[in-house]
Amino acid sequence: MAGTADRLARAHAEKRAHADFEAARTPAPGTLTPRRRVEQLIDPGSLFEIGALTRSQLPAIEDATPGDGVVAGFADVGGRLVGVIADDPVIMGRSDGGVGMNKRVRIVQQSLAGGVAIAYLADAALPPEFPDTGEGLLRRGGSDRASVVPELRLEERQAPLIAVVLGGLDGADTALLAAADLTIAGGAASDATRAIADIAAGDDAEAIALARRCLALLPHDAQDDLRRDSAPPAAGISDDVDPASLSIGDVLAGLLDDGSHFPIHQAADGCFETGLGIIDGTLTAYVAAGPQLGLTRAHVKPLLRLARLRHRFRLPIVLVQHGAAYDPAALADPETLREIAATGNALREADAPLLSLIVSRGYVFGEWILGGDELGRHYVGAWAQADVSIGPVPAYTTAAAAADDGRGPFAAAAAGVIDDVMLPTETRDHVGRMLRWTARMRTLPPPHADHQGRILTRLK
């Protein structure tokens, strides 16, 4: 066939051009090239790349760019199928007006349709010779291509979306970040991005390792089995311990299975943490607050983020009370009150187990977002050394906690306010058994209640 040899030669030349370009790149310290980022995220050799030979649609530079500014395809991450999008601003800064945008949209659209997780490695830093056209991934107006971009219903996705910001951000691409279940900022991300990210990593390698670990932990969808391999905690807690001597890290180390601790938000003072972990073989979300912490908006925001993640995947959640209460000044802030209300709604509306554990001092009434009875709790346990308030107050503030009489948990247990008084050494076993039982509810339809709120049956 005429031209066959030339075509074969070109195919070899195209592959060499990509390999030569990649080999010649010298990324800044702490950063990786986009292809190296993808390689570190995925299982070795599993990438099925889409549009590897695409070029810019601009005639002036189409022969000068070995690609179109994005690496896209499907790959395995820990054996799980994931749609991968990685920006490459050095090859082509934000080539979103044509083939680059089509590749992004195609991966997102096919991942949504197939219930496949998405990993977006964002880096929109622009070389000066390639000015930003303002045409981002989900742009709808101002472009002659807007009419052919399909509507992407990110809020209806079934599988996780993880965004890793490894450089600059294009304004339009923040739609993916806003929809992400978890946002991780790499070392080259801006200070503003690091401030709003769920996790701030030191460099590219750490950020991508965190994304890979998160994808391994999160369920495939809301019906996925939550059972995981189990391992005893790395550290135990003795029964005669004084809870006041324990940090949040100490309590979590004695509760979570060894190697399963995945913090999402950690306060600088160590008194507040949200994350994912495994308790006696069951994957769960957790929030731990205290000791003597006054909750402010800085604590409520990450709690709300975790509550929404838990709602999407119907994850069990364990709320660990270690002496925390609301900061009185924070309750005077309308934005804080709105986020407290939104957090309570997210916790209450998720059809998934909610467990509260009191290790030192705690409260169990109203819409207290660390375990009030109006949140629809499934289990409340307290250590024998804990103090549990049995008198409702208008708002559980640090002042109200300090004024409490400090009685132990037995009066609350006698009144049915808490379900279990346990020794510290029993905690993981008791909570783990309750998680195994209540996690069964995730696979059942929502309960049907009559007008008085009594559960009658579960509808098919």
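Everything quoted here is computed from the prediction, not taken from an experiment.

## Quick word on the overall build of the protein
Link 1 in the chain: The number of helices and strands found in the protein is 12 helices and 20 strands.
Link 2 in the chain: The proportion of buried residues among the 460 residues of the protein is 51%.
Link 3 in the chain: Put simply, of all contacts in the protein between residues at least 6 apart along the chain, 68% involve residues at least 24 apart.
Link 4 in the chain: When the accessible surface of the protein is split by element, carbon and sulfur atoms take 55% of a total near 20100 Å².

## Quick notes on the sheet that holds strand 9 (residues 272-279)
Link 1 in the chain: Strands sit in the order 8-9-10-12-14-16-18 across an open sheet of 7 strands; the sheet is mixed. Every other strand in the sheet has two partners, leaving strand 8 (262-266) and strand 18 (420-422) as the edge strands with one partner each. Neighbouring strand axes in the sheet, compared pairwise and without regard to direction, differ in orientation by 20° on average.
Link 2 in the chain: Alignment of strand 12 (residues 317-321) against strand 14 (residues 354-358), held across 5 bridges, turns out to be parallel. When the bridges of strand 14 are listed, Leu-319 appears paired with Ser-356.
Link 3 in the chain: Lying over the sheet, helix 7 (residues 248-255) contacts strand 9, strand 10 (282-289), strand 12 and strand 14, oriented at roughly 160° with respect to strand 10.

## A look at the sheet that holds strand 4 (residues 117-122)
Link 1 in the chain: Here we have 7 strands laid out as an open sheet, ordered 1-2-3-4-5-6-7, and mixed in their pairing. Among the strands making up the open sheet, the edge pair consists of strand 1 (48-49) and strand 7 (199-200).
Link 2 in the chain: Against the sheet, helix 2 (residues 34-41) engages strand 1, strand 2 (70-77), strand 3 (80-87) and strand 4, with an angle of about 165° to strand 3.

## A closer look at the pairing of strand 10
Remember that side chains alternate between the two faces of the sheet whenever the strand is regular.
Link 1 in the chain: A large share of strand 10 lies buried, amounting to 8 of its 8 residues.
Link 2 in the chain: Burial along strand 10 is two-sided: the face carrying Thr-282, Thr-284, Tyr-286 and Ala-288 and the face carrying Leu-283, Ala-285, Val-287 and Ala-289 are both buried.
Link 3 in the chain: Looking at chain direction, strand 9 and strand 10 are connected through 8 bridges and run antiparallel. Within the sheet, the bridge partner assigned to Glu-273 lies in strand 10 and is Ala-288.
Link 4 in the chain: Linking strand 9 back to strand 10 in an antiparallel pair, the connection comprises 2 residues, with Asp-280 at a positive phi of about 50°.
Link 5 in the chain: With 5 bridges joining them, strand 10 and strand 12 adopt parallel strand pairing. Paired with Ala-285 across the bridge in strand 12 is Ile-317.

## Comments concerning the packing of helix 8 (residues 297-313) against helix 9 (residues 334-349)
Link 1 in the chain: At their nearest, the axes of helix 8 and helix 9 sit 9 Å apart, and the two run at 25° to each other. The angle between the axes of helix 8 and helix 9 places the two elements in the roughly parallel class. Seen along the crossing, helix 8 lies across helix 9 with a hand that is left-handed. The segment helix 8 lies against helix 9, with Arg-297, Val-300, Lys-301, Leu-303, Leu-304, Ala-307, Arg-308, Arg-310 and His-311 engaging Glu-335, Thr-336, Glu-339, Ile-340, Ala-342, Thr-343, Ala-346, Leu-347 and Glu-349.
Link 2 in the chain: Here the contact of helix 8 with helix 9 is built from residues that sort into 8 nonpolar, 3 polar and 7 charged.

## Some words on the packing of helix 2 against helix 6 (residues 204-217)
Link 1 in the chain: The N-to-C vectors of helix 2 and helix 6 enclose an angle of 35°; their axes lie 9 Å apart at closest approach. Crossing angle aside, the handedness with which helix 2 passes helix 6 is right-handed. Side by side, helix 2 and helix 6 meet where Arg-37, Gln-40 and Leu-41 of the first sit next to Asp-204, Ala-205, Ile-208, Ala-211, Arg-212 and Leu-215 of the second.
Link 2 in the chain: For the contact of helix 2 with helix 6, a count of residues per class yields 5 nonpolar, 1 polar and 3 charged.

## Overview of the packing of aromatic side chains
Link 1 in the chain: The full count for this structure, using the stated rule, is 4 aromatic pairs.
Link 2 in the chain: Taken together, a centroid distance of 4.9 Å and an interplanar angle of 90° make the contact between Tyr-326 and Trp-368 edge-to-face. One end of the pair, Tyr-326, is in strand 13 (residues 325-326); the other, Trp-368, is in the loop between strand 15 (361-362) and strand 16 (379-383), and 42 residues separate them in sequence. The pair Tyr-326 / Trp-368 is uniform in exposure class, with both members buried.
Link 3 in the chain: Ring centres of Tyr-363 and Tyr-396 lie 4.4 Å apart, and the angle between their planes is 5°; this geometry places the pair in the stacked category. Of this pair, Tyr-363 sits in the loop between strand 15 and strand 16 while Tyr-396 is found in the loop between strand 17 (387-388) and helix 10 (398-403), placing the two residues 33 residues apart along the sequence. In this structure, Tyr-363 and Tyr-396 share a single accessibility class: buried.
Link 4 in the chain: What links up through ring pairs into an aromatic cluster is the set Tyr-326, Tyr-363, Phe-365, Trp-368 and Tyr-396.

## Focus on the pattern of salt bridges
Link 1 in the chain: What the rule picks out here adds up to 22 salt bridges.
Link 2 in the chain: Arg-428 is the partner of Asp-257 in a salt bridge, and the nearest nitrogen-oxygen pair spans 2.8 Å. Placement of the pair is Asp-257 in the loop between helix 7 and strand 8 and Arg-428 in helix 12 (residues 427-438), with a sequence separation of 171 residues.
Link 3 in the chain: Judged by relative accessible area, which is 3%, Asp-257 ranks as buried.
Link 4 in the chain: Two residues, Asp-280 and Arg-436, come together in a salt bridge whose shortest N-O distance is 2.6 Å. Of the two residues, Asp-280 is situated in the loop between strand 9 and strand 10 and Arg-436 in helix 12; the sequence distance between them amounts to 156 residues.
Link 5 in the chain: Its relative accessible area of 33% is what places Arg-436 among the partly exposed residues.
Link 6 in the chain: Connected through salt bridges with shared partners, the residues Arg-297, Lys-301, Glu-335, Arg-338 and Glu-339 form a single ionic network.

Parameters at a glance
- Every chain begins its residue count from 1, and numbering advances along the sequence as written.
- Since the coordinates come from a predicted model, pLDDT governs what is reported: local features require at least 70, and pairs of side-chain atoms require 80 or more to be given and counted, while whole-chain, interface and lining totals use all residues.
- With hydrogens and water stripped out, all remaining heavy atoms of the structure feed into the side-chain values.
- Only runs of H or I of at least four residues qualify as helices and only runs of E of at least two qualify as strands under DSSP, and these elements are numbered from the N terminus.
- Three labels apply to residues, based on accessible area from a 1.4 Å probe with only protein chains included: buried if under 20% of the type maximum, exposed if over 50%, partly exposed otherwise in between.
- The contact criterion used is simple: two residues touch if any of their non-hydrogen atoms lie within 4.5 Å.
- All accessibility values rest on the Shrake-Rupley procedure with a 1.4 Å probe; residue burial counts only the protein chains present in the view.
- Being paired, for any two strands, means DSSP has found at least two bridges between them.
- Simply put, an axis is a line fit to the C-alpha atoms, just over the touching stretch for a helix, and the angle between two N-to-C directions goes from 0 to 180 degrees.
- Oblique is the label for every angle not falling under 35 degrees (roughly parallel), over 145 degrees (roughly antiparallel), or within 65 to 115 degrees (roughly perpendicular).
- By definition, turning the near helix anticlockwise from the far helix through less than a right angle yields a left-handed crossing, and turning it clockwise yields a right-handed one.
- The nonpolar class holds Ala, Val, Leu, Ile, Met, Phe, Trp, Tyr, Cys and Pro. Asp, Glu, Lys and Arg form the charged class, and all remaining residues, Gly among them, are polar.
- Stacked, edge-to-face and tilted are the three classes for Phe, Tyr and Trp ring pairs, Trp counted by its six-membered ring, which pair at centre distances within 6.5 Å; planes under 30 degrees apart are stacked, over 60 edge-to-face, the rest tilted.
- When a carboxyl oxygen of Asp or Glu is within 4 Å of a side-chain nitrogen of Lys or Arg, the pair counts as a salt bridge.

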